[in-house]
Amino acid sequence: MLRAGLFDAPRAHAAARRFVGRRPELAMLERELVESSRAPRYCLLNGPPGIGKTTLARHFVQDAAERGHGVVWVSGEDTPPHPAAFGERLPAQSLEELGRSDRADILVLDAFDKLEPLEQWLFDGVLWSTGPRLLVVLTSRTRFEPKRQAELIFTGSFTSIDVEPFTDAESREQLSKLGVAGEVDETLLRGCGGHPLSLALEAARVGHPRPDPAEPLLERASILAQELIKDAPSSSHACALQALSMLRLLDPGLLSAVLPGDETSRDAAWEWRSRLSFVDSTRSGLVPHALVRDAVYDDLASRHLELHTELAERALRELVRRMGLVEPGRRHQLFLDALYTRRS
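Residues numbered from 1 in each chain as written. Predicted model: local features only at pLDDT ≥ 70, side-chain atom pairs only at ≥ 80, totals over all residues. Heavy atoms only, no water.

It is worth spelling out the confidence of the model for the chain at this point. Of the residues in the chain, 84% have a pLDDT of 70 or more, and the chain-wide mean is 79. The secondary structure element of the chain with the lowest average pLDDT is helix α1 (residues 9-18), at 56, and the one with the highest is helix α2 (residues 23-35), at 94. Low pLDDT, under 50, characterises residues 1-11; the predicted model gives this stretch 41 contacts beyond four residues in sequence or across chains. Under a pLDDT of 50 for its full length, residues 207-211 has, in the predicted model, seven contacts with residues more than four places off or in other chains. (pLDDT = per-residue confidence, 0-100. Helix = DSSP H or I, 4+ residues; strand = E, 2+ residues; numbered from the N terminus. Contact = heavy atoms within 4.5 Å.)

Okay, unusual backbone geometry next. Backbone geometry follows two general trends: most residues other than glycine have a negative phi, and most peptide bonds adopt the trans configuration. Positive phi outside glycine occurs at R22, with the angle close to 65°. Residue placement: R22 occurs in the loop between α1 and α2. Residue class for R22 comes out buried when judged on its relative accessible area of 5%. The backbone of A111 sits at a positive phi, close to 50°, despite the residue not being glycine. Note that A111 resides in the loop between β3 (105-110) and α6 (119-123). (Buried < 20%, exposed > 50% of the residue type's maximum accessible area, 1.4 Å probe, protein only.)

Right, let's talk about the side chain of N46 for a bit. With respect to the secondary-structure elements, N46 resides in strand β1 (residues 41-46). In this view, N46 contacts K53, S140, R141, T142, R143, I161, D162 and V163; residues no more than four positions away in its chain are not counted.

Right, let's talk about the nonpolar core for a bit. Generally speaking, nonpolar side chains in soluble globular proteins are found buried as a group. Of all hydrophobic cores here, the largest spans 37 residues; its most connected members are M246, L247 and F278. Among the elements of the structure, α10 (196-204), α12 (235-246), α13 (252-258), α14 (263-275), α15 (290-303), α16 (305-323) and α17 (331-340) are those that each provide at least two residues to this core. Among the elements that line this core, the one with the most residues is α12, at seven residues. Formed by 23 residues, the second largest nonpolar core is a distinct cluster that contains L44, V72, L127 and L138. (Core = buried A, V, L, I, M, F, W, Y, C linked by side-chain atoms within 4.5 Å.)

Printed below as a string of structure tokens:
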């Protein structure tokens, strides 16, 4: 069974050690998995950016995979919303194998709101080619459009789970697992409001002046991202963080193109980025949380335009070079990745 873009073993085990709470949600997902052994099921994990939808889905499927369930993971964060790009992530042959094992398989469509243009194509066609024993888990900032949700509810095959903020106790546990020692400032807890991404950003910036807790999360992410760039271990580390903000996904080859020169510094920057709590390490490369990526990108474009232009040109040259090396059917993804570097 294909396990696409998910099980980078060191990262998966590190994430499992940091996982906190979510027992009711995990119990509901487990019930859906049991039900899907008899007929296909669809489960939507819904909530605002950074609330922990992807982390919850990853923890659930990692445990399921260890018990023998097949898992396929496709993320809207690094998959352009086009059938050709989706087909590269999940070829037709692998799709047809889904749901035909003795145990139910799991298909995760992470950041499904980014794949929304494919909704009709997927639900009215593609997903009908799978077998009968399948659980489809979708994470999304938004709900399905009413007609689609009504159709799924009518079939009895749909469940929606609202992912809620952490309690204070869970927030303290999360900060502890992220390396924040000692008593936690109550003002910090109130400011984070149990929001996992906000807690992760605070943990990365412990010891530095904090933004006003009343600020919206995007503004707080922007301030904290600027501090992280300023205090990066070296200029190579800072550039690696900035390069990551410009790309759907950063792999070692792209990092080499964007940061030519000393290989040791490049390797150290890669290792540092992969350990950050708001960066996912997949089989294909590194993917930051969308809010952090946007915050770093906006800072780079507004305050360091010359560096922004230089990094974009290097990344673009590498992507164009790759277009000349692959078969025509795979160039579409690279073309969309190239456009992504110019999204401002």
